[in-house]
Amino acid sequence: MRRYRRDRYEAFRDEISTDENYNLAYRKVKKIKGFYTHLKVYLIVNAIIIVSNLNRDYFSHSVYENGLLDWRTYSTAICWGVALGIHAFTVFGPDIFFSSEWEQKKIQKYMEREAQNNNKKWQ
């Protein structure tokens, strides 16, 4: 089965690598996958940190003594959460303001303007 896949890949490698839309989609999927991996690690690590800090003084009866209201319990989650938010914006955010449709319209506009300027020079 591996040989078959390798042969099929080699047959279509040139088509895939030269297709611009495929390359753009592949990069976008890799960015989204990277973000979800980052989110998964964030949730697991911070859950472990918070649970371990809350259980460090399990037998203490005061909320202040067992770490529930301690800044150090949540500081990693808050700071890392800001970084995760920035990562989310870099993956999903730019399309909110400057979508690919907007980009194509601007490119078309500038190409038309440039074509008009070139036509004026020759007349």
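Above this text sits the structure in question.
Computed from a predicted structure; not experimentally measured.

Participant: Where do I start with the overall build of the protein chain in this structure?
Facilitator: The helix and strand tally for the protein chain stands at 5 helices and 0 strands. Of the regular secondary structure in the protein chain, the N- to C-terminal order runs α-α-α-α-α. The buried share among the 123 residues of the protein chain stands at 12%. The long-range fraction of contacts in the protein chain, counting pairs at least 24 apart against all pairs at least 6 apart in sequence, stands at 55%. For the protein chain, the exposed surface amounts to about 10700 Å²; the carbon and sulfur share of it is 60%.

Participant: Please clarify how the nonpolar core should be interpreted in this entry.
Facilitator: Soluble, globular proteins show a tendency: their nonpolar side chains are buried together. Counting residues in each nonpolar core, the largest one holds 6 residues, listed as Phe 35, Tyr 42, Ala 77, Leu 84, Ala 88 and Val 91. Of all the elements in the fold, those that place two or more residues in this core are α2 (20-54) and α3 (71-92). Residue contacts for Leu 84: discarding those within four places in its chain leaves Phe 35, His 38, Leu 39 and Tyr 42.

Participant: Would you explain α2 in this entry?
Facilitator: Counted at 1.5 Å a residue, the expected span for α2 with its 35 residues is 51 Å, and the 51 Å between its end C-alpha atoms agrees. Among all positions of α2, only Phe 35, Tyr 42, Asn 46 and Asn 53 are buried. Those residues of α2 hidden inside the fold are in contact with α3.

Each value, and the rule that gives it
- Residues numbered from 1 in each chain as written.
- Predicted model: local features only at pLDDT ≥ 70, side-chain atom pairs only at ≥ 80, totals over all residues.
- Heavy atoms only, no water.
- Helix = DSSP H or I, 4+ residues; strand = E, 2+ residues; numbered from the N terminus.
- Buried < 20%, exposed > 50% of the residue type's maximum accessible area, 1.4 Å probe, protein only.
- Contact = heavy atoms within 4.5 Å.
- Areas by Shrake-Rupley, 256 points an atom, 1.4 Å probe, with all protein chains shown as cover.
- Core = buried A, V, L, I, M, F, W, Y, C linked by side-chain atoms within 4.5 Å.
- Expected span 1.5 Å × (residues − 1).

Coordinates in, geometry out; function isn't part of it.
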